[in-house]
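The residues making up each chain are set out below.
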Amino acid sequence: MADFVELEAQDGVRMTWNVVPGTKTEAATCVVPVAAVYTPLKPLSGAPTLPYAPLRCRTCRSILNPFCTVDFVAKIWVCPFCYQRNHFPQHYSSISEQNLPAELFPNFSTIEYEAMDAAANAASAIPTVFLFVVDTCLIEEELGSLKLALIQAVDLLPDRSLVGLITFGTFVQVHELGFATMPKSFVFRGGKEVTKDQILEQMNFFGGGKRPPLGVVAGPRDGLAPDSIRRFLLPAAECEFAFNSVLEELQKDPWPVPTDQRASRCTGTALSVAACLLGACVPGSGARIMAFVGGPSTDGPGAIVSKNLSEPIRSHKDLDKDSAPLYHKAVKFYEGLSKQLVNQGHVLDLFACALDQVGVAELKIAVEKTGGLVVLAESFGHSVFKDSLKRIFQSSDYDLGLSFKKGLSVQRQLSVRGIRVLGRCVVLTGEPPYAWSLILQEKKALMQLVNRPHAGGQMRLRATTISRRWVAGPGIVQELVAGFDQETAAVVLARMVSVKMEAEAEFDPVRWLDRSLIRVCSKFGDYQKDSPSTFSLSPRFSIFPQFIFHLRRSQFVQVFNNSPDETAYFRMILNRENVANSVVMIQPSLISYSFHSAPEPALLDVAAIAADRILLLDSYFTVVIFHGVTIAQWRNAGYQNQPEHEVFAQLLQAPHGDADAIIKERFPVPRLVICDQHGSQARFLLAKLNPSATYNSDTVPAPGGDIIFTDDVSFQVFLDHLQRLAVQ
């Protein structure tokens, strides 16, 4: 496993099979697909940065890499993807076997290029844009917390960043921050979709001048005066006073709400207005729409529920029975919005903070396709929201740790079939920000991935070319086993099952996972037929059944007791994170603290609970500090405040320090739960533990231990059934 982590640190790529099956039949019998989990923006300390443009193949546009065949005499290189012979340009004339350019060094499989084309450099020079879209259908306390968080966020922005503000409730208001004399805004009806032409006309973008007769109006190049754009998008240094003044005077939506109805909230219209405004003012630039929503959309396009409180918001059961009449209509609207934002090169971020659902399930397609961020919290005053928003802007002075203009395109070679992309991506035409190619050649599988990250305010091009050995024919099982990455395989199956649950109506995720695991164990296990006691797995596969066991019980598969918004949120984060973080979501980590030993990892089992022990659970979305009953009694008695019990005070503080370290490096910020044994919030821990001792099992817990009230089978029972079925 350490070898795979080192490869990821070098290139940002982890593959399920690091020895690739060479035929379609062999790949199908492996059950787990050949897949690569790529982190395009992963910081790579060892990757060199070259101050010139990349050298591309004239046929397939792949980039010069260490796997190219080079004729140093004729100054020709052969592309390993399409076998095209390409001549080196003049500035490569001095290359030789002793004087290699950085692109041909075997250990430089990932390289970044600073010099880009003029259009890319011009785009990277445009300041980033942040358009805040704020919900005003909130109670005063919530609105006050949101206003304070936004004021702090704007204060952290670089001075050159452009800032705009839109508020919405019953109506949508676009605030003219450039009008310093008095607060001024343009109002649009919330129940009606607004087009870009209507915005250009009603907001007087042409200042009484003549509008271009033909074509799409998009920025100053199409006749928009810079002064017109500066009315709504101003540098942070110039508009901070006006922005803060508008927020300070911002009040709750004034329109009365009957006691038997929900507030009139036009989320879809507000986002449509924001997209059209950015499309007219700054198309193609790095811009983000940051939407802060505190309740369900009830009016206009994108509504998820009616205003009548007697009608409940859709649940998983409603979606399964197709009895949510507004769901598909809202998804279709946001799908159209996502296409508009992708074409404009803009990003949608969603901050959903409410005890009720707000429509994350419907907005999921727009957030994912534009590469946006999502945060789900109980309120705007909760630390999950406040700390997550602050963390977005507390980064470098230029790129804020954010990426803009995301997209994905797949360039497929004719010799490769079945290429599919899962995750936060969208198909584009032309040369994309991300591109990848894969081909099998001379017992090697080559893959090249190209993306354009921002660094220090400048756009770069990162080219990653990796090689994996491929095998075919009889007797390849042991070679495949040696290259199996069980962590990556579990993450890929989790993403696949999430997609299938959303796309296939009659899909049974537990049965699909069970059958996949049985087939994997049957093919790669070591056993005698019909003898379960002889079954064993290679160390490369030994933890894989455990991953699948916890995946079956995870929030990605078991949607009971979760709303559609929560399920969509969990799956969006799963699709975004790397392998290490995704594994924590599937199988949380557990650390034990006691007087008898230093902090040590503990089995994710109910047997880990003891009266004199503290447990720290990290399930990615939640961090739990769990005190045994004896520890809780001593703490309540105040022993930690007495000088003679200093060791006990240190024991109490140790998990808090580790929890703080976890929280500081994670986005979105996880929820911190501090609980005691037999307390109500102990459920956050018990729900993740293996139920080896339940109310109806024969296993008796140790003194001071605990049991779980569940009918789920334990991992041992699961493993016994797996062994019996795998050897048949």
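Residues numbered from 1 in each chain as written. Predicted model: local features only at pLDDT ≥ 70, side-chain atom pairs only at ≥ 80, totals over all residues. Heavy atoms only, no water.

## Some remarks on the overall build of the protein
Phase 1 of the analysis: Along the backbone of the protein there are 22 helices and 29 strands.
Phase 2 of the analysis: Here the protein holds 728 residues, and the buried ones make up 54% of them.
Phase 3 of the analysis: Considering only contacts in the protein between residues 6 or more positions apart, those separated by 24 or more positions represent 70%.
Phase 4 of the analysis: Element-wise, carbon and sulfur atoms account for 53% of the exposed surface of the protein, whose accessible area totals about 32,600 Å². (Helix = DSSP H or I, 4+ residues; strand = E, 2+ residues; numbered from the N terminus. Buried < 20%, exposed > 50% of the residue type's maximum accessible area, 1.4 Å probe, protein only. Contact = heavy atoms within 4.5 Å. Areas by Shrake-Rupley, 256 points an atom, 1.4 Å probe, with all protein chains shown as cover.)

## Thoughts on the pattern of salt bridges
Phase 1 of the analysis: One pass over the structure, following the stated rule, counts 22 salt bridges.
Phase 2 of the analysis: Across the salt bridge formed by R314 and E362, the nearest N and O atoms sit 2.7 Å from each other. With a gap of 48 residues between them, R314 in the loop between β14 (287-293) and α9 (316-320) and E362 in helix α11 (residues 360-369) connect regions that are remote in the sequence.
Phase 3 of the analysis: Exposure remark for R314: the relative accessible area of 4% places this residue in the buried category.
Phase 4 of the analysis: As a salt-bridge pair, K500 and E504 come within 3.5 Å of each other at their nearest N and O atoms.
Phase 5 of the analysis: For E504, a relative accessible area of 37% puts it in the partly exposed group.
Phase 6 of the analysis: Within this structure, E8, R14, D485 and E487 form a network of salt bridges that share partners. (Salt bridge = Lys/Arg side-chain N within 4 Å of Asp/Glu carboxyl O.)

## Topic: the layout of surface pockets
Phase 1 of the analysis: Empty space within the second largest pocket amounts to approximately 1,600 Å³.
Phase 2 of the analysis: Listed by contribution, the elements that provide at least two residues to the lining of the second largest pocket are β16 (374-377), α16 (544-552), α17 (564-576), β28 (622-627) and α21 (683-686).
Phase 3 of the analysis: Per-element accounting of the lining of the second largest pocket gives the leading share, 4 residues, to α17. (1 Å grid on protein atoms, 1.4 Å probe; cavity = no way out; pocket = protein on both sides within 12 Å on 5 of 7 lines; lining within 4 Å. Points joined across faces, edges and corners; volume = space filled by probe spheres on them.)

## Some thoughts on the packing of aromatic side chains
Phase 1 of the analysis: By the definition in use, this model includes 33 aromatic pairs.
Phase 2 of the analysis: Measuring from centroid to centroid gives 6.3 Å for W17 and F541, while their planes differ by 50 degrees, and the two rings are tilted. Pair noted here: W17 is in the loop between β1 (13-15) and β2 (19-21) and F541 is in the loop between β24 (531-536) and α16, with a separation of 524 residues, a long-range link.
Phase 3 of the analysis: Here the aromatic rings of Y695 and F709 are separated by 6.1 Å at their centres, their planes lie at 15 degrees, and the arrangement is stacked. With a gap of 14 residues between them, Y695 in the loop between α21 and α22 (715-726) and F709 in the loop between α21 and α22 connect regions that are remote in the sequence.
Phase 4 of the analysis: Among the aromatic side chains, those forming a connected cluster through ring pairs are F132, F243, F292, F351, F380 and F385.
Phase 5 of the analysis: The ring of F524 has K523 sitting right over it, with the charged end atom 5.6 Å from the ring centre. (Phe/Tyr/Trp six-rings, centres within 6.5 Å; stacked < 30°, edge-to-face > 60°. Lys NZ or Arg CZ within 6 Å of the ring centre and 35° of its normal.)

## Focus: the packing of helix α14 (residues 486-503) against helix α15 (residues 509-524)
Phase 1 of the analysis: At a closest axis distance of 10 Å, the pairing of α14 and α15 adopts a crossing angle of 145 degrees. Where α14 crosses over α15, the two elements pack in a sense that is right-handed. Touching L493, M496, V497, K500 and M501 of α14 are P509, W512 and L513, all from α15.
Phase 2 of the analysis: Partitioning the contact of α14 with α15 into residue classes produces 7 nonpolar, no polar and 1 charged. (Axes fitted to C-alpha atoms, helices over the stretch in contact; angles between N-to-C directions. Left-handed = near helix turned anticlockwise from the far one by under 90°. Nonpolar A, V, L, I, M, F, W, Y, C, P; charged D, E, K, R; others polar.)

## A look at helix α7 (residues 236-249)
Phase 1 of the analysis: Compared with an ideal rise of 1.5 Å per residue, which puts 14 residues at 20 Å, α7 spans 19 Å between its outermost C-alpha atoms and is within 8% of the ideal.
Phase 2 of the analysis: Where α7 bends most, the angle comes to about 30 degrees, and this point is A242.
Phase 3 of the analysis: Taken residue by residue, α7 has A236, C239, A242, F243, N244, V246 and L247 as its buried positions.
Phase 4 of the analysis: Looking at the packing, one finds that the buried side of α7 touches β9 (129-135), α4 (140-156), β10 (162-168), β11 (171-175) and β13 (234-235). (Expected span 1.5 Å × (residues − 1). Bend = angle between axes of the 7 residues up to and from the residue.)

## Quick word on the sheet that holds strand β6 (residues 76-78)
Two pairing modes exist for strands in a sheet, parallel and antiparallel, and in both the strands are linked by backbone hydrogen bonds.
Phase 1 of the analysis: Here we have 3 strands laid out as an open sheet, ordered β5-β6-β7, and antiparallel in their pairing. Looking at the sheet topology across the chains shown, the edges are occupied by β5 (69-71) and β7 (85-87). Within the sheet, the average angular offset between the axes of one strand and its neighbour, ignoring direction, is 25 degrees.
Phase 2 of the analysis: Sheet analysis places β6 next to β7, joined by 3 bridges and oriented antiparallel. Pairing of V78 across the sheet is with R85, part of β7. (Pairing = 2+ DSSP bridges.)

## Focus on the environment of V471
Phase 1 of the analysis: Along the polypeptide, V471 turns up in strand β22 (residues 461-471).
Phase 2 of the analysis: Residue classification places V471 among the buried positions, given a relative accessible area of 6%.
Phase 3 of the analysis: Separated by 26 residues in the primary sequence, V471 and A445 place their C-alpha atoms 9.7 Å from one another.

## Thoughts on the sheet that holds strand β26 (residues 600-601)
Phase 1 of the analysis: Here 5 strands make up an open sheet; going across it, the order is β26-β25-β27-β28-β29 and the pairing mixed. In this open sheet, the two edge strands, each paired with only one partner strand, are β26 and β29 (671-676).
Phase 2 of the analysis: Along the sheet, helix α19 (residues 629-636) contacts β27 (614-618), β28 and β29; its crossing angle with β28, the most-contacted strand, is approximately 80 degrees.

## Thoughts on the confidence of the model for the protein
Low-pLDDT stretches of the model should not have their predicted coordinates read in fine detail.
Phase 1 of the analysis: For the protein, per-residue confidence averages 86 on the pLDDT scale, and residues scoring 70 or more make up 88% of the total.
Phase 2 of the analysis: Across residues 430-442, where pLDDT falls below 50, the model places 57 contacts with residues more than four positions away in sequence or in other chains. (pLDDT = per-residue confidence, 0-100.)

## Description of unusual backbone geometry
It is generally the case that most residues other than glycine have a negative phi and that most peptide bonds are trans.
Phase 1 of the analysis: Residues F667 and P668 are joined by a peptide bond in cis, for which omega reads -5 degrees.
Phase 2 of the analysis: Positive phi is not limited to glycine here, since Y83 has a value of about 65 degrees.
Phase 3 of the analysis: Turning to its location among the elements, Y83 is positioned in the loop between β6 and β7.
Phase 4 of the analysis: Of the residues examined, Y83 reaches a relative accessible area of 46% and is grouped as partly exposed.
Phase 5 of the analysis: Despite not being glycine, N561 has its phi angle at roughly 75 degrees, a positive value.

## Considerations on the environment of E238
Phase 1 of the analysis: Summarising the element assignment, E238 is placed in helix α7.
Phase 2 of the analysis: What makes E238 partly exposed here is its relative accessible area of 49%.
Phase 3 of the analysis: Residues E238 and D159 lie 79 residues apart in sequence; the distance between their C-alpha atoms is 8.0 Å.
Phase 4 of the analysis: Side-chain polar atoms of E238 contact the side chain of R230, separated by 2.6 Å. (Polar contact = N/O pair within 3.5 Å; in protein donor to acceptor, adjacent residues only side chain to side chain.)

## Here's the deal with a nonpolar patch on the surface
Phase 1 of the analysis: A cluster of nonpolar side chains, contributed by F595, W634, Y639 and V647, occupies part of the molecular surface with about 360 Å² of accessible area.
Phase 2 of the analysis: Relative to the elements of secondary structure, F595 occurs in the loop between β25 (589-593) and β26. (Patch = residues over 30% accessible without salt bridge, like charges linked within 9 Å, V, L, I, M, F, W, Y side chains within 5 Å.)

## Some points on the side chain of H550
Phase 1 of the analysis: Within the fold, H550 resides in helix α16.
Phase 2 of the analysis: Each residue touching H550, except ones within four places of it in the same chain, is listed here: I586, Q587, L604 and K688.

## Thoughts on the pairing of β25
Phase 1 of the analysis: Judged from the 5 bridges that link them, β25 and β27 form a sheet pairing that is antiparallel. Pairing of S592 across the sheet is with L615, part of β27.
Phase 2 of the analysis: Strand direction decides the pairing type here: β25 and β26, joined by 2 bridges, are antiparallel. Its bridge partner lying in β26, S592 is registered against E600.
Phase 3 of the analysis: Taken together, β25 and the strand that follows it, β26, pair antiparallel across an intervening segment of 6 residues.

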